[in-house]
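Residue strings, one per chain:
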Amino acid sequence: MAQEPSSPGGSLGVKSVDEVQAMIQKSLQLPKVKFLRQRMAEAGCAVKDNFFRAVVCQGRKGMAYFAPAHGIFVCSNHVTFQDEVNQLIIHELIHAYDDCRAVNLHWNNCAHQACSEIRAGHLSGDCHFMRELLRGHFKLRGHEPECIRRRVLLSLFSNPNCVGSAAKDSMEDVWDICYNDTQPFDKAP
């Protein structure tokens, strides 16, 4: 979903770092974001506003990423709309929550990463029916699990420890337990 680079705030809709930082600040006011931050604080991992940063991403395919002990980074050269930033912040906060609550989470472990990606896809709304329609996926039944699987695999393929069938095998091995783990929510939102 990368876009062609342009000048900051340029004609192709690519935003400057400052513009995306302002979008992040708006995202921090969303009820779901506030809820996730509150649950992280209760788990002993309070995050301040500076945990969320807009950056220019070079050589990254994704639109945002969570870096343990460093924060959540949103790629200003890959986002255009406030709704994208909102979804990215929620998705990455779920990874941060997983990192906070897990004692032995190793992001290089294919199964560990798969579990957090499954949870983030399921709990963030990434695979909502309307989002899928906008991506050109028109399946009426079972679209959400199919979308999550597709997006988990895309993420896992960027992990050098998930080569060959390891990505799909790891995802399938942890699917049921991770898909049904809705913490910190009572149920999937």
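Residues numbered from 1 in each chain as written. Predicted model: local features only at pLDDT ≥ 70, side-chain atom pairs only at ≥ 80, totals over all residues. Heavy atoms only, no water.

1. Considering the overall build of the protein
The helix and strand tally for the protein stands at seven helices and three strands. Ordered by position from N to C terminus, the α and β elements of the protein give α-α-β-β-β-α-α-α-α-α. Put simply, the protein has 189 residues, and 46% of those count as buried. Of all intrachain contacts in the protein linking residues separated by at least 6 positions in sequence, the fraction that spans at least 24 positions is 56%. Of the roughly 10,200 Å² of accessible surface on the protein, a fraction of 55% belongs to carbon and sulfur atoms. (Helix = DSSP H or I, 4+ residues; strand = E, 2+ residues; numbered from the N terminus. Buried < 20%, exposed > 50% of the residue type's maximum accessible area, 1.4 Å probe, protein only. Contact = heavy atoms within 4.5 Å. Areas by Shrake-Rupley, 256 points an atom, 1.4 Å probe, with all protein chains shown as cover.)

2. With respect to the sheet that holds strand 3 (residues 71-75)
Read from one edge to the other, the open sheet built from three strands follows the order 1-3-2, with strand pairing classed as mixed. What marks the edges here is a single partner per strand, and that holds for strand 1 (52-55) and strand 2 (64-67). Along the sheet, successive strands turn relative to each other by an average axial angle of 25 degrees, direction set aside. Across four bridges, strand 1 lies against strand 3 in parallel orientation. From the neighbouring strand, valine 55 faces strand 3, where its bridge partner is cysteine 75. Most of the contacts of helix 3 (residues 82-101) go to strand 2, to which it runs at about 20 degrees, and overall it touches strand 1, strand 2 and strand 3. (Pairing = 2+ DSSP bridges. Axes fitted to C-alpha atoms, helices over the stretch in contact; angles between N-to-C directions.)

3. A word on the packing of helix 3 against helix 4 (residues 110-124)
For the pair helix 3 and helix 4, interaxial distance at closest approach is 9 Å and the crossing angle is 135 degrees. As judged from the angle between their axes, helix 3 and helix 4 are oblique. By crossing handedness, the relation of helix 3 to helix 4 is classed as right-handed. Counting all contacts with helix 3, which are made through Gln87, Ile90, His91, Ile94, His95, Tyr97, Asp98 and Arg101, the residues of helix 4 involved are Ser116, Glu117, Arg119, Ala120, Gly121, Leu123 and Ser124. A per-class count over the contact of helix 3 with helix 4 returns five nonpolar, six polar and four charged. (Parallel < 35°, antiparallel > 145°, perpendicular 65-115°, else oblique. Left-handed = near helix turned anticlockwise from the far one by under 90°. Nonpolar A, V, L, I, M, F, W, Y, C, P; charged D, E, K, R; others polar.)

4. A look at helix 3
Because an α-helix completes one turn every 3.6 residues, residues spaced three or four positions apart along the sequence face the same direction. Along its 20 residues, helix 3 runs 29 Å from first to last C-alpha, staying within 8% of the 28 Å computed at 1.5 Å per residue. With respect to burial, helix 3 is a largely interior element, 16 of its 20 residues being buried. (Expected span 1.5 Å × (residues − 1).)

5. Considerations on the packing of helix 4 against helix 7 (residues 166-179)
Running from N to C, helix 4 and helix 7 point in directions that differ by 55 degrees, and their axes come no closer than 8 Å. Classified by the angle their axes make, helix 4 and helix 7 are oblique. Judged by the sense of rotation from one axis to the other, the crossing of helix 4 with helix 7 is right-handed. Packed against helix 4, whose contacting residues are Cys110, Ala111, Ala114, Cys115, Ile118, Arg119 and His122, the element helix 7 presents Ala166, Ala167, Ser170, Met171, Val174, Trp175, Cys178 and Tyr179 at the interface.

6. Details of the state of the cysteines
Applying the stated criterion to the full structure yields five disulfides. Disulfide pairing places cysteine 127 opposite cysteine 147 at an S-S distance of 2.0 Å. On the S-S bond that ties cysteine 127 to cysteine 147, the torsion sits near -70 degrees, and the link is left-handed. Of the two residues, cysteine 127 sits in the loop between helix 4 and helix 5 (129-134) while cysteine 147 sits in helix 6 (residues 143-156), which places them 20 residues apart along the sequence. Judged by relative accessible area, which is 2%, cysteine 127 ranks as buried. Taking the relative accessible area as the measure of exposure, cysteine 147 reaches 0% and is therefore buried. Cysteine pairing for the protein (bonded cysteines numbered in sequence order): 1-4, 2-3, 5-9, 6-10, 7-8. (Disulfide = S-S within 2.5 Å.)

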